[in-house]
Amino acid sequence: MNIYVDNAATTKVSETAITAMLPYFNQVYGNPSSLHSAGQLAAESLLIARETVANILGCSPKEIIFTSGGSEANNQALLSAAEIGKKKNKKHIISSTIEHHSILHTLEKLKKQGFEITLLNAHKNGIIHPDELIASIRPDTIFVTIMYANNEIGSIQPIAELGKICQEHGILFHTDAVQAAGHIKIHVKKENIDMLSLSAHKFHGPKGIGILYAKHGIPLTNLIEGGAQERGKRAGTENLPAIIGMAAALQEAAKHIDKTAAKLIPLRDRLIEGLTEIPHTVLNGDPIQRLPNNIHVCFEGIEGESLLLLLNNKGIYASSGSACTSGSLDPSHVLLAIGQPHEIAHGSLRLSLSEENTIEEVESIIKITKESVTYLRGMSPIWKDLQEGKRNYVI
Ligand SMILES: *Cc1c(COP(=O)(O)O)cnc(C)c1O
């Protein structure tokens, strides 16, 4: 039997989302821009989906743009803010060292265009301090983007506080909430969020669909030119089945959010307890300000990739950190940013749970991981050196 614990990479589409989507493939298949009744029926469903997600996020349906996912929403948010900055002759952007690559790579692009970027450092527990944001604000700061919750180490940022600081300084505030959605209640107005990105496939919706929320009055820059869909800000015939599936998944997640957390937190904490019993193991991220479904540890003296393969052979599907950097041999930028040395950062394991995981699965993950780490250490020349005192333990 397989145990899927890689829900931060992607999730299984829920039955609710699938059931909601099905009629939109071959029954309500009109183009929402068509004037005939088939088109208008599709347009009505599109509007209802937009109202559903807007209600959950605490904004107006007019402030929702459907995108192809989290990466596109992040790109559009940043490029829009940059255009606003150019017009106001403000060239300073603040972000953090632990953002997703769809943010960091877009910031690099903006740097080449003459923007100045300050990356705030996350502290050892993966959390950004609001006073450090205040200290980094300049008269020419146009934009701040800080992720809601980290996709590798699960740390949750004080978003409402960061948003308030930006509001007081008249600076636009964006948050990549892709990992937070479905796990943390989000209310964009109460948390002073001007722009926010979501992705359906991280909360049991389909892949290739996401949301950019942009507060009324913020001029958006198009990434894709064409028709007048999405208020003219994102051209292309709407992916209605996916939009319907996303709205259904978000609604379901929002409805059960407390119940889900109450189920996942004990499983998460048992995994943390069990895995950190392994000698020379450290938990990354904050133990409390942490996503209910995230466990991230580093084991000294082993390679994360080898561990993943052993776990895979036993039917446990996990990750070493970010799905985006796996395949490259560079250690995770997030682990380096929180101060983990290279040799530790290589030995990482991320488990990200869903409502479907059970305590029995958790116990077998602990048992199999303990055996696998012991086995790998037995073959590791670095571990031998550590044991013989030829090297010093880092953890
Ligand atoms: C997955 C993820 C993204 C990218 O979303 P896609 O829909 O896969 O493009 C962006 N940010 C974070 C934090 C993520 O975890």
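Here is what the cut-offs are and how they apply
- Residues numbered from 1 in each chain as written.
- Predicted model: local features only at pLDDT ≥ 70, side-chain atom pairs only at ≥ 80, totals over all residues.
- Heavy atoms only, no water.
- Helix = DSSP H or I, 4+ residues; strand = E, 2+ residues; numbered from the N terminus.
- Rg over C-alpha atoms; globule rule 2.2 N^0.38 Å.
- Buried < 20%, exposed > 50% of the residue type's maximum accessible area, 1.4 Å probe, protein only.
- Disulfide = S-S within 2.5 Å.
- Contact = heavy atoms within 4.5 Å.
- Polar contact = N/O pair within 3.5 Å; in protein donor to acceptor, adjacent residues only side chain to side chain.
- Pairing = 2+ DSSP bridges.
- Axes fitted to C-alpha atoms, helices over the stretch in contact; angles between N-to-C directions.
- Near = heavy atom within 4 Å.
- Areas by Shrake-Rupley, 256 points an atom, 1.4 Å probe, with all protein chains shown as cover.
- Nonpolar A, V, L, I, M, F, W, Y, C, P; charged D, E, K, R; others polar.
- Parallel < 35°, antiparallel > 145°, perpendicular 65-115°, else oblique.
- Left-handed = near helix turned anticlockwise from the far one by under 90°.
- Phe/Tyr/Trp six-rings, centres within 6.5 Å; stacked < 30°, edge-to-face > 60°.
- Lys NZ or Arg CZ within 6 Å of the ring centre and 35° of its normal.
- Salt bridge = Lys/Arg side-chain N within 4 Å of Asp/Glu carboxyl O.

(A) The arrangement of the overall build of the chain in detail. Assigned secondary structure in the chain consists of 14 helices and twelve strands. The C-alpha radius of gyration computed for the chain amounts to 22 Å, which stays within 12% of the reference 21 Å derived for 395 residues, consistent with globular compactness. With the C-alpha coordinates of the chain rotated into their principal frame, the extents come out at 75 × 50 × 35 Å. Taking all 395 residues of the chain together, 57% fall into the buried category.

(B) Summary view of the state of the cysteines. All chains considered together, the criterion is met by zero disulfides. With no disulfide of its own, Cys59 lies 18 Å from the sulfur of Cys166, the closest cysteine sulfur. We classify Cys59 as buried; its relative accessible area is 12%.

(C) Structural detail: the environment of Lys207. Position of Lys207 relative to the elements: it lies in the loop between strand S7 (195-199) and strand S8 (210-214). The spacing of Lys207 and Ile359 is 152 residues in sequence and 28 Å in space, taken between C-alpha atoms. When sequence neighbours within four positions are dropped, the list of residues in contact with Lys207 reads Thr10, Thr11 and His201. One polar contact links Lys207 to Thr10, side chain to side chain, over a distance of 3.2 Å.

(D) Region of interest: the sheet that holds strand S3 (residues 92-96). The mixed open sheet is built from seven strands, whose spatial order is S2-S8-S7-S6-S5-S3-S4. Two strands lie at the open edges of the sheet, namely strand S2 (64-67) and strand S4 (116-120), each paired on one side alone. Between one strand and the next, the sheet's axes are offset by a mean angle of 20 degrees, whatever the strand orientation. For S3 and S4, the ladder comprises five bridges, and the chain directions are parallel.

(E) Representation of the site of the ligand. In the vicinity of the ligand, 14 residues are found, and the nearest of them are Ser71, Asp176, Gln179, Ser199 and Lys202. In this structure, Gly70 approaches the ligand through a main-chain N or O atom, which is 2.8 Å from an oxygen atom. Within the side chain of Lys202, a nitrogen or oxygen atom sits 2.8 Å from an oxygen atom of the ligand. Summarising the interface, the protein chains cover 86% of the accessible area of the ligand, which totals 380 Å² for the free molecule. Here the shell around the ligand takes three residues from helix H4 (residues 70-88), the largest share from any one element. Tallied by class, the residues present in the shell around the ligand amount to two nonpolar, ten polar and two charged.

(F) Structural context of the packing of H4 against helix H5 (residues 101-112). Here H4 crosses H5 at 30 degrees, and the two axes come no closer than 9 Å. By the angle between their directions, the pair H4 and H5 is classed as roughly parallel. Judged by the sense of rotation from one axis to the other, the crossing of H4 with H5 is right-handed. Packed against H4, whose contacting residues are Ser71, Asn74, Asn75, Leu78, Leu79 and Ala82, the element H5 presents Ser102, Ile103, Thr106, Leu107 and Leu110 at the interface. A breakdown of the residues in the contact of H4 with H5 according to their chemical character gives six nonpolar, five polar and no charged.

(G) Focus on the packing of aromatic side chains. Within the structure shown, the criterion is met by one aromatic pair. Looking at Lys91, its charged tip hangs above the ring of Phe115, at a distance of 5.4 Å from the centre. One cation-aromatic arrangement involves Arg377 over Trp383; the distance from NZ or CZ to the ring centre is 4.1 Å.

(H) Representation of the pattern of salt bridges in the model. Under the counting rule described, the total for this entry stands at 19 salt bridges. In this structure, Asp385 and Arg391 form a salt bridge, with 3.8 Å as the shortest nitrogen-oxygen distance. Here the residues in one salt-bridge network are Glu116, Arg138 and Asp140, joined through shared partners.

(I) Representation of the side chain of Thr281 within the structure. Note that Thr281 resides in strand S9 (residues 281-283). Overall, Thr281 belongs to the buried group, its relative accessible area being 12%. At 2.8 Å, the side chain of Thr281 and the backbone oxygen of Ile278 are in polar contact. A polar contact of 3.4 Å, which involves the side chain of Thr281, links it to the backbone oxygen of Pro279. Those residues in contact with Thr281 that lie beyond four places of it in its chain are Leu275, Thr276, Val297, Cys298, Phe299, Arg377 and Ile395.

(J) Spotlight on the sheet that holds strand S12 (residues 348-352). Reading across from one edge, S9-S10-S12 is the order of the three strands in this open sheet, with antiparallel pairing throughout. Across the chains shown, the open sheet's two edge strands, defined by having one partner strand only, are S9 and S12. For this sheet, the mean angle separating the axes of adjacent strands, direction not counted, is 25 degrees. Bridge count for strand S10 (residues 294-299) against S12 is five bridges, and the pairing is antiparallel. Residue pairing for S12: Cys298 is matched across the bridge by Ser348.

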